[in-house]
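What follows is each chain in one-letter form.
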Amino acid sequence: MPIKYEMIIYWSARDDAFIVEVPGLPRCMADGRIYGEAVTNAERVIGEWIDTAHDLGRYVPEPRGRLMYA
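As the structure is a prediction and not an experimental result, all values here were calculated from the model.

S.K.: I'm lost on the sheet that holds strand β1 (residues 8–12) in this one. Help?
M.R.: Backbone-to-backbone hydrogen bonds pair the strands of a sheet. The strands run either parallel or antiparallel. Spatially, β1-β2-β3 is the arrangement adopted by the 3 strands of the open sheet, whose pairing is antiparallel. Two strands lie at the open edges of the sheet, namely β1 and β3 (28–32), each paired on one side alone. Strand after strand, the sheet turns through a mean of 25° between neighbouring axes, direction not considered. In this structure, β1 lies alongside strand β2 (residues 17–22), joined through 5 bridges in antiparallel fashion. Paired with Trp 11 across the strands is Phe 18, a residue of β2. Packing against the sheet, helix α1 (residues 35–55) makes contact with β1, β2 and β3, and its axis sits at approximately 150° to β3.

S.K.: Even after reading the chapter, I still don't get the packing of aromatic side chains, so can you show me in this structure?
M.R.: How two aromatic rings sit relative to each other is set out by the distance from centre to centre and by the angle between their planes. In the structure shown here, the tally under the stated rule is 2 aromatic pairs. Residues Trp 11 and Phe 18 carry aromatic rings whose centres are separated by 5.0 Å and whose planes lie at 70° to one another, so their mutual orientation is edge-to-face. Ring centres of Phe 18 and Tyr 35 lie 5.7 Å apart, and the angle between their planes is 80°; this geometry places the pair in the edge-to-face category. With Phe 18 in strand β2 and Tyr 35 in helix α1, this pair connects stretches of sequence that are 17 residues apart. One aromatic cluster is present, built from ring pairs that chain together Trp 11, Phe 18 and Tyr 35.

S.K.: Is there a simple way to think about the environment of Val 22 in this case?
M.R.: Counting through the fold element by element, Val 22 comes out in strand β2. According to the relative accessible area criterion, Val 22 is buried, its value standing at 3%. Taking the C-alpha atoms as reference points, Val 22 and Gly 47, separated by 25 residues in sequence, lie 12 Å from one another. With sequence-adjacent residues up to four places away left out, Val 22 is seen in contact with Tyr 5, Glu 6, Met 7, Cys 28 and Ile 46.

Calculation notes
- The written sequence of each chain sets the order in which its residues are numbered from 1.
- Predicted model: local features are reported for residues with pLDDT of at least 70 only, side-chain atom pairs are reported and counted for 80 or more only, and whole-chain, interface and lining totals are derived from all residues.
- Based on all heavy atoms of the structure, the side-chain values leave hydrogens and waters out of the count.
- Two strands form a pair only when DSSP identifies at least two bridges running between them.
- Under the DSSP-based scheme used, a helix requires at least four consecutive residues in state H or I and a strand at least two consecutive residues in state E, with every element numbered from the N terminus.
- Fitting a line to C-alpha atoms yields each axis, with helices limited to the stretch in contact; the angle taken between N-to-C directions then spans 0 to 180 degrees.
- Residues count as neighbours in contact if any of their non-hydrogen atoms are within 4.5 Å of one another.
- Centre distance within 6.5 Å is the pairing criterion for rings of Phe, Tyr and Trp, where only the six-membered ring of Trp is used; planes under 30 degrees apart are then read as stacked, over 60 as edge-to-face, and the remainder as tilted.
- Accessible area is worked out with a 1.4 Å probe on protein chains only. A residue is then buried under 20% of its type maximum, exposed over 50%, and partly exposed in between.

In structure tokens form, the structure reads like this:
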């Protein structure tokens, strides 16, 4: 399944890792020592988030694409 949720990726010196936030899925985050690892981990976590929501009968938001900031 292709991942269609927006990911915000940034370096955290405090954590010594890349952090990935998925704004379209509440509290969905991942990290990794290198950029590619962080994205791979985020893709896995997104899938797990969706699977868990389905298992619990909870709403899964549709991907909205790029968020616009003012």
